[in-house]
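Architecture at a glance
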Amino acid sequence: MGTLSTHVLDTALGRPAQGIRVALERAGDVVGSGVTDADGRVRDLHKKTASLSEGSYRLTFHVADYFAKTHRESCFTEVVVDFHIGDSAEHYHVPLLLSPFGYSTYRGS
């Protein structure tokens, strides 16, 4: 069974982004969720009973509350990252580099 991890780094502040709600979906169904911790990571993102098999997935980062709590204006309310798991035996890491007016993501290790 494949595994998935994510984390969010606030590139404007130069530190992890704590308190962002993250949802993992497959075919419109939520198969996992969590909130970023002090390291900007979501531990145990997907339910242990939900296999991450080959297919398309979506991570939704709910960032509006995070920017409001840090008293910063942002044009984003959510960041949606669609990605594909091609080999269900591999680990997939999908981080988010975030600032109030831009973001980037990549497949990490």
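Refer to the preceding data block for the structure.
All of the points below concern the structure found in this document.

Reading guide: rules and limits
- Residues numbered from 1 in each chain as written.
- Predicted model: local features only at pLDDT ≥ 70, side-chain atom pairs only at ≥ 80, totals over all residues.
- Heavy atoms only, no water.
- Salt bridge = Lys/Arg side-chain N within 4 Å of Asp/Glu carboxyl O.
- Helix = DSSP H or I, 4+ residues; strand = E, 2+ residues; numbered from the N terminus.
- Buried < 20%, exposed > 50% of the residue type's maximum accessible area, 1.4 Å probe, protein only.
- Pairing = 2+ DSSP bridges.
- Phe/Tyr/Trp six-rings, centres within 6.5 Å; stacked < 30°, edge-to-face > 60°.
- Polar contact = N/O pair within 3.5 Å; in protein donor to acceptor, adjacent residues only side chain to side chain.
- Contact = heavy atoms within 4.5 Å.

Overview of the pattern of salt bridges
All told, the structure shown has five salt bridges when counted by the stated rule. Here Asp10 ties to Arg72 by a salt bridge, and the two come within 2.4 Å at their closest N and O atoms. With Asp10 in strand 2 (residues 8–10) and Arg72 in the loop between helix 1 (64–69) and strand 7 (78–85), this residue pair connects regions lying 62 residues apart in the sequence. Here Asp39 and Arg43 are joined by a salt bridge, their closest N and O atoms 3.4 Å apart. On the basis of relative accessibility, which here comes to 44%, the residue Asp39 falls in the partly exposed class. Note on Arg43: relative accessible area 52%, which makes it exposed.

Side note on the pairing of strand 9 (residues 96–99)
Remember that side chains alternate between the two faces of the sheet whenever the strand is regular. Pairing between strand 2 and strand 9: three bridges, direction parallel. Its bridge partner being in strand 9, Asp10 is matched across the sheet by Leu98. Across four bridges, strand 9 lies against strand 10 (residues 102–105) in antiparallel orientation. Within strand 10, the position partnered with Leu98 by the bridge is Tyr103. Hairpin geometry of strand 9 and strand 10 is characterised by an intervening segment of two residues between the two adjacent antiparallel strands.

With respect to the packing of aromatic side chains
Any two aromatic rings considered together are summarised by their centre-to-centre distance and by the angle between their planes. In the structure shown here, the tally under the stated rule is three aromatic pairs. A ring pair is formed by Tyr57 and Phe83, whose centres lie 5.9 Å apart and whose planes are at 20°; its orientation type is stacked. Here Tyr57, found in strand 6 (residues 55–62), pairs with Phe83, found in strand 7; they are 26 residues apart in sequence, far enough to count as distant. In this structure Phe83 comes out as buried when scored by relative accessible area, which is 14%. Aromatic side chains Phe76 and Tyr103 sit 5.1 Å apart centroid to centroid with 75° between the ring planes, which places their arrangement in the edge-to-face category. Remark: Tyr103 occurs in strand 10 and Phe76 occurs in the loop between helix 1 and strand 7; sequence separation between them is 27 residues. Given a relative accessible area of 40%, Tyr103 falls into the partly exposed group.

Some details on the side chain of Thr36
For Thr36, the location among the structural elements is in the loop between strand 5 (29–35) and strand 6. Within polar-contact distance, the side chain of Thr36 engages the backbone oxygen of Ala17 at 2.7 Å. A polar contact of 2.9 Å, which involves the side chain of Thr36, links it to the backbone nitrogen of Gly19. When neighbours within four sequence positions are excluded, Thr36 is seen to be in contact with Val8, Ala17, Gln18, Gly19, Ile20, Val22, Arg41 and Val42.

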